Amino acid sequence: MASLTLLHDAVSPPASRPAASLWSDRSELTDLAHTHPISAQAFAQLVKPPGWGSKWTTGWRFGRRLVGFCVKDMHEVDILSSVPVRRFTWRTGQWHRPGLEYLVSTGRHHGFESFEEELLLLSADFSGCLLEALAQPFRMHFDTVQGRVEHTPDFLLLMRGVPLLIDVRPAHRIAFEDEIKFAASAEAALAAGWNYAVVTGWREHAVSLVDSFSAGRRTLSDPLELQSQLLSAAAQRAQPFGELVERCALPAVGRAHAVHLLWHRRLGLEMTGPLRDASIVRLAPARRPVAASW
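Residues numbered from 1 in each chain as written. Predicted model: local features only at pLDDT ≥ 70, side-chain atom pairs only at ≥ 80, totals over all residues. Heavy atoms only, no water.

Asker: Honestly, the sheet that holds strand 14 (residues 280–283) in this entry has me stumped. Any pointers?
Answerer: Through backbone hydrogen bonds, the strands of a sheet pair up, either in parallel or in antiparallel fashion. Pairing within the open sheet is antiparallel, and its three strands lie in the order 12-14-13. Two strands in the sheet have a free side with no partner beyond their single neighbour: strand 12 (239–240) and strand 13 (267–269). Pairing analysis gives two bridges linking strand 12 to strand 14, with the strands arranged antiparallel. Counted as the bridge partner of P240 is I280 from strand 14. Sheet contacts for helix 7 (residues 226–236): strand 12, strand 13 and strand 14; angle to strand 14, the most-contacted strand, approximately 100 degrees. The sheet strands contacting helix 9 (residues 251–263) are strand 13 and strand 14, and the helix crosses strand 13 at an angle near 85 degrees. (Pairing = 2+ DSSP bridges. Helix = DSSP H or I, 4+ residues; strand = E, 2+ residues; numbered from the N terminus. Contact = heavy atoms within 4.5 Å. Axes fitted to C-alpha atoms, helices over the stretch in contact; angles between N-to-C directions.)

Here is the structure:
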């Protein structure tokens, strides 16, 4: 998967999206998410003298121990052994909505602190390229013209390819002080060889579609071999979802298997609206109509 644009260089609004159709089986996180371009003014607030990578520090938690690493040494961190640097809390009357989201990619639950963060985890899981998701991975201290500042990025996603450091913030809630923190995160990510993005929202219909597909993400038994029937029918031509499921031996059950195949990207859906019978579905390119192995 091509990772999101490194926002260290994204100081102007991105170009508008092309009008070409987006198919779910070839969609990437960069296609689904809206990102915030960090201003040059925010980067100008950072103090980066020679050797700044040794002066900016990060704290990583391993069990009960908090271990410090300077930014230039983050490549030495045993990332997979770390735990969230900040605990998730649940209490009556809090404004944000934390919880746990199960990810097929990792086979376990992951913490999130808001609905927006939950959507990020679900979309990353759907990408098919996620290897590990680390929430609240580290706490960073960095220097600005106003003094020392602290920031904890929201997620470090280990993808096939380049890791992706992410902050999640709705666009209307981003103040200039936040932009400075995001700029520092972008610099730290660049030093570590990662990409960085600030996710502010999602492409139209992306949330509803990924949520619909997620209903079929877990293992399904297929004694009637409905999945192979669906794949064979889809190999003939792109067609409406309702028509496709009617072509298998048991359409009522075939619907669940079709959604399962959409989540696992063996079928693709044209992302022009919510999932309905009229939605156009195709066999994912480079896929052959073979019996499902799960």
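Asker: Would you mind going over a nonpolar patch on the surface with me for this structure?
Answerer: A contiguous nonpolar surface patch, about 230 Å² in accessible area, is contributed by L224, L250 and V253. Inspection of the secondary structure puts V253 in helix 9. (Patch = residues over 30% accessible without salt bridge, like charges linked within 9 Å, V, L, I, M, F, W, Y side chains within 5 Å. Areas by Shrake-Rupley, 256 points an atom, 1.4 Å probe, with all protein chains shown as cover. Salt bridge = Lys/Arg side-chain N within 4 Å of Asp/Glu carboxyl O.)

Asker: Whenever I open this one, the nonpolar core confuses me. Can you help?
Answerer: Grouped together as the largest cluster of nonpolar side chains are 47 residues, with contacts concentrated most on L32, L120, F155, L157, I166, W202 and L267. When residues in this core are grouped by element, the largest group, six residues, is from helix 4 (residues 115–126). Residues in contact with L32, not counting those within four places in the same chain, are L22, S27, F126, G201, W202, R203, A206, V210 and M271. Residues A42, W60, F138 and A184 belong to the second largest nonpolar core, which totals 32 residues. (Core = buried A, V, L, I, M, F, W, Y, C linked by side-chain atoms within 4.5 Å. Buried < 20%, exposed > 50% of the residue type's maximum accessible area, 1.4 Å probe, protein only.)

Asker: Can you walk me through the sheet that holds strand 2 (residues 57–62) in this structure?
Answerer: Ordered by their spatial adjacency, four strands build an open sheet running 3-2-7-8, and the pairing between neighbours is antiparallel. In this open sheet, the two strands that pair with only one neighbour each are strand 3 (65–70) and strand 8 (147–151). Within this sheet the neighbouring strands show an average axis-to-axis angle of 20 degrees, counted without direction. For strand 2 and strand 3, the ladder comprises six bridges, and the chain directions are antiparallel. Looking at strand 3, one finds that R61 is bridged to L66. The strands touched by helix 5 (residues 176–192) are strand 7 (139–144) and strand 8; relative to strand 7, the strand with the most contacts, the crossing angle is about 110 degrees.

Asker: Where do I start with the environment of R266 in this structure?
Answerer: Considering the arrangement of structural elements, one finds R266 in the loop between helix 9 and strand 13. Relative accessible area serves as the criterion here: at 7%, R266 is assigned to the buried category.

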